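Working through the structure, step by step
Each chain is listed here by its residues.
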Amino acid sequence: AEGGGWVGEITNHIMKLISDHFDWIVRRGGDLIPLLSYTILGLLEEHRNIPPLSAAFNTEAKLCVRLLRVNARHWRGLGRDFIRVLHRVRLFPGIDLIWRELEQHEQGKTLRTAVRRPTPGRILVGRLSPYMERLMIFMLTHVNLGEQENPTNGC
């Protein structure tokens, strides 16, 4: 994205690559669609408050909606981490419609079922879990190099 530096450039290239090969991704099926959806939802969450990445954000949102619309069976069983990220971006154009559909589907049964099951590990590889994100942020901001404890020596 213009003004987004290398992050914006990489994001734009990746989104273009996915868009250019969308038909192949759909034909490939399997875990690729839910993995890409989960990863892009996470990018949306991260990029929403970064003005230089707003152009990338719009592209990401449109592409994510397109992926989620391919086939509901790809994402309905993805579990609580997927639903958590989807919930955090539920007000974004296009995603708001998907969120409402989930809320209304069988009076919210799809959502209640999804939050009771863990997101499969094969999908989580696309992002750190919220817990791991918190641990990494804590370590990077509060633990100085060389001051960490070694759990194998009983510290």
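Note that the coordinates shown come from a computational prediction; the quantities given were computed from them, not determined experimentally.

Quick notes on the rules
- Residues numbered from 1 in each chain as written.
- Predicted model: local features only at pLDDT ≥ 70, side-chain atom pairs only at ≥ 80, totals over all residues.
- Heavy atoms only, no water.
- Helix = DSSP H or I, 4+ residues; strand = E, 2+ residues; numbered from the N terminus.
- Buried < 20%, exposed > 50% of the residue type's maximum accessible area, 1.4 Å probe, protein only.
- Contact = heavy atoms within 4.5 Å.
- Areas by Shrake-Rupley, 256 points an atom, 1.4 Å probe, with all protein chains shown as cover.
- Axes fitted to C-alpha atoms, helices over the stretch in contact; angles between N-to-C directions.
- Parallel < 35°, antiparallel > 145°, perpendicular 65-115°, else oblique.
- Left-handed = near helix turned anticlockwise from the far one by under 90°.
- Core = buried A, V, L, I, M, F, W, Y, C linked by side-chain atoms within 4.5 Å.
- Phe/Tyr/Trp six-rings, centres within 6.5 Å; stacked < 30°, edge-to-face > 60°.
- Lys NZ or Arg CZ within 6 Å of the ring centre and 35° of its normal.
- Salt bridge = Lys/Arg side-chain N within 4 Å of Asp/Glu carboxyl O.

1. Digging into the overall build of the protein
Within the protein, the secondary structure is distributed over nine helices and zero strands. Residues classed as buried in the protein amount to 35% of the 155 residues present. Within the protein, contacts between residues separated by at least 24 positions form 72% of all contacts whose residues are at least 6 apart in sequence. With the model as given, the accessible surface of the protein reaches about 9700 Å², and the carbon-plus-sulfur share is 57%.

2. Section: the packing of helix α5 (residues 80-88) against helix α6 (residues 95-104)
Pairs of packed helices are described in terms of their axes, by the angle between the two and the distance that separates them. Here α5 crosses α6 at 125 degrees, and the two axes come no closer than 10 Å. Compared by their axis directions, α5 and α6 come out oblique. Where α5 crosses over α6, the two elements pack in a sense that is left-handed. Contact residues: Ile83, Leu86 and His87 in α5; Ile95, Trp99 and Leu102 in α6.

3. Here we look at the nonpolar core
Membership of the largest hydrophobic core comes to 31 residues, with the highest contact counts inside it found for Leu41, Leu44, Phe82 and Leu86. At the level of elements, α1 (5-20), α2 (22-28), α3 (32-47), α4 (54-70), α5, α6 and α7 (109-115) are the ones that each hand at least two residues to this core. For this core, the leading source of residues is α4, giving seven residues. Among all residues touching Leu44, those that are not within four sequence positions of it are Phe57, Glu60, Ala61, Cys64, Val89, Phe92 and Ile95.

4. Observations regarding the packing of aromatic side chains
Here the structure, examined in full by the defined rule, presents one aromatic pair. Over the ring of Phe22 we find Arg66; its NZ or CZ atom is 3.7 Å from the centre of that ring.

5. What about the pattern of salt bridges?
With the rule as written, the count across this model stands at five salt bridges. Asp96 is the salt-bridge partner of Arg100, the closest N and O atoms lying 3.2 Å from each other. Of this pair, Arg100 and Asp96 both sit in helix α6, separated by four residues, roughly a single helical turn. Exposure remark for Arg100: the relative accessible area of 39% places this residue in the partly exposed category. Put simply, Glu45, Arg84 and Arg88 are held in one network by salt bridges that share partners.

6. Thoughts on the environment of Leu111
Position of Leu111 among the secondary structure elements: in helix α7. With 28 residues separating them along the chain, Leu111 and Ile83 place their C-alpha atoms 7.5 Å apart. When neighbours within four sequence positions are excluded, Leu111 is seen to be in contact with Ile83, Trp99, Leu102 and Glu103.

7. Brief notes about the environment of Ile40
With respect to the helices, strands and loops of the structure, Ile40 is situated in helix α3. Remark: the alpha-carbon pair of Ile40 and Phe57, spanning 17 residues in sequence, is separated by 9.6 Å. Setting aside anything within four residues of it in sequence, one finds Ile40 in contact with Met15, Ile18, Glu60, Leu63, Cys64 and Leu67.

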